[in-house]
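A closer look at the structure
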Amino acid sequence: MEKLIIVPTYNERDNIGPLLDRLLALPWGLEVLVVDDNSPDGTGELVAARKEADPRIHLLRRAGKLGLGSAYVAGFRYALEHGAQYVFEMDADFSHDPDSIGDFLKAAEHADLVLGSRYLHGVTVVHWPLSRLILSYSANVYTRLITGLPVRDATGGFKCFRRRALEAVNLDGVKSDGYSFQIEMSYKIWRKGFRIVEIPITFVDRRAGVSKMNQRIVWEAAWMVWSLRLMDLLGRTG
């Protein structure tokens, strides 16, 4: 295993089959790990059936809806245990274009973490309501001001980690979820001296299913940036 795409799922049955088809048809030798939180709609069962027919598909099934952050941490552990050198985060709902993966891999030749940015060259978001766009953009400005993290899009979920960057993070110490998980991982990698680059992506609102965004995730992110800054001042960034 060299290049692994981690895709967390909860009720993504309508999306996951077509996404697997797209990813596995790409020319970069990708493997895909679906981390399913016991989706009531049968997402896990669908992936399990696909897995039997294609060894490039991997599945972690969890007991319930445990959150995005813990799903990615479980995926990171799996990736490191199986020797992956390039580890991607990617949404299941086609908000992230699979065809962009080649751009990530090219950028990763000279970086330890590549972020897909919606705000690198203006705003490249399609079909979001204005209120959601303002919330996301403001969250990123807020994050930069409080933490100093020098990126335009710290809350995005389309990323490529080099193995050495993931190995440097104490995954046991990562407790956040949602927006704040994305901020926490990038911040810890940056503070350890690894190189982060951003590449432009076009983010398209999900084509099927329901967004998992809620008010708790927003407030968690608002607190997390202060927590990260405080831990840094105390010399406890992990």
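Note: the structure precedes this text.
Now for a description of the structure that goes with this document. Source: prediction; values computed, not measured. (Residues numbered from 1 in each chain as written. Predicted model: local features only at pLDDT ≥ 70, side-chain atom pairs only at ≥ 80, totals over all residues. Heavy atoms only, no water.)

Things to note about the pairing of strand β2 (residues 30-36)
- Counting buried positions along β2 yields 7 of 7 residues, so the element is predominantly enclosed.
- Neither face of β2 is exposed, since L30, V32, V34 and D36 on one face and E31, L33 and V35 on the opposite face are all buried.
- Relative to β2, strand β1 (residues 3-9) runs parallel, the two sharing 7 bridges. Paired with I6 across the bridge in β2 is L33.
- The handedness of the β1 to β2 crossover, carried by helix α1 (residues 13-25), is right-handed.
- Each parallel crossover has a hand, and for β2 linked through helix α2 (residues 43-53) to strand β3 (residues 57-61) it is right-handed. (Buried < 20%, exposed > 50% of the residue type's maximum accessible area, 1.4 Å probe, protein only. Helix = DSSP H or I, 4+ residues; strand = E, 2+ residues; numbered from the N terminus. Pairing = 2+ DSSP bridges. Right-handed = clockwise from strand over helix to strand, strands pointing away.)

Regarding the pairing of strand β8 (residues 196-200)
- Across the 5 residues of β8, 4 count as buried, placing the element largely inside the fold.
- Relative to β8, strand β5 (residues 113-117) runs parallel, the two sharing 5 bridges. Note that in β8 the partner of G116 across the bridge is I199.

Notes on the packing of α1 against α2
- Where α1 contacts α2, the two axes come as close as 9 Å, and the packing angle between them is 25°. Taken together, the axis directions place α1 and α2 in an arrangement best described as roughly parallel. α1 and α2 meet at a crossing whose hand is right-handed. Of α2, the residues touching α1 (which contributes R13, I16, G17, L20 and D21) are T43, L46, V47 and R50. (Axes fitted to C-alpha atoms, helices over the stretch in contact; angles between N-to-C directions. Parallel < 35°, antiparallel > 145°, perpendicular 65-115°, else oblique. Left-handed = near helix turned anticlockwise from the far one by under 90°. Contact = heavy atoms within 4.5 Å.)

So, the sheet that holds β3
- If you trace the 7 strands from one edge of the open sheet to the other, you get β3-β2-β1-β4-β7-β5-β8, paired in mixed fashion. Looking along the sheet, the strands with just one partner apiece sit at the ends: β3 and β8. Adjacent strand axes in the sheet meet at a mean angle of 20°, parallel and antiparallel pairs treated alike.
- Here β5 pairs with strand β7 (residues 159-162) via 3 bridges, running antiparallel. If you follow L115 over to β7, its bridge partner there is K159.
- With respect to the sheet, α1 is in contact with β1, β2 and β3, its orientation differing from that of β2 by roughly 160°.
- Those strands touched by helix α7 (residues 178-191) are β4 (86-89), β5, β7 and β8, and its axis lies near 35° from that of β7.

Brief notes about the nonpolar core
- I6, F76, M185 and I189 are the most contacted members of the largest nonpolar core, which totals 35 residues.
- Looking at this core, the elements that each hand over two or more residues are β1, β2, α3 (68-81), β5, α6 (163-168), α7 and α8 (215-233).
- Counting residues per element, this core draws most heavily on α3, which supplies 7 residues.
- The residues touching F76, leaving out its near neighbours within four places in the chain, are I6, V87, E89, F161, L166, L171, F181 and M185.
- Membership of the second largest hydrophobic core comes to 31 residues, among which are L23, V32, L59 and V197. (Core = buried A, V, L, I, M, F, W, Y, C linked by side-chain atoms within 4.5 Å.)

Section: the pattern of salt bridges
- Applying the stated criterion across every chain, the model contains 12 salt bridges.
- Put simply, D37 and R62 hold a salt bridge, and the shortest N to O gap is 2.6 Å. Of this pair, D37 sits in the loop between β2 and α2 while R62 is found in the loop between β3 and α3, placing the two residues 25 residues apart along the sequence.
- Classification of R62 as buried rests on a relative accessible area of 15%.
- Between K188 and E184 there is a salt bridge whose closest N-O contact spans 2.9 Å. Of this pair, K188 and E184 both sit in helix α7, separated by 4 residues, roughly a single helical turn.
- It is possible to trace a salt-bridge network through shared partners that takes in R22, D97 and D99. (Salt bridge = Lys/Arg side-chain N within 4 Å of Asp/Glu carboxyl O.)

Concerning the packing of aromatic side chains
- Overall, the coordinates contain 9 aromatic pairs when judged by the stated rule.
- Sitting over the face of the ring of W190, R191 holds its NZ or CZ atom 5.5 Å from the ring centroid. (Phe/Tyr/Trp six-rings, centres within 6.5 Å; stacked < 30°, edge-to-face > 60°. Lys NZ or Arg CZ within 6 Å of the ring centre and 35° of its normal.)

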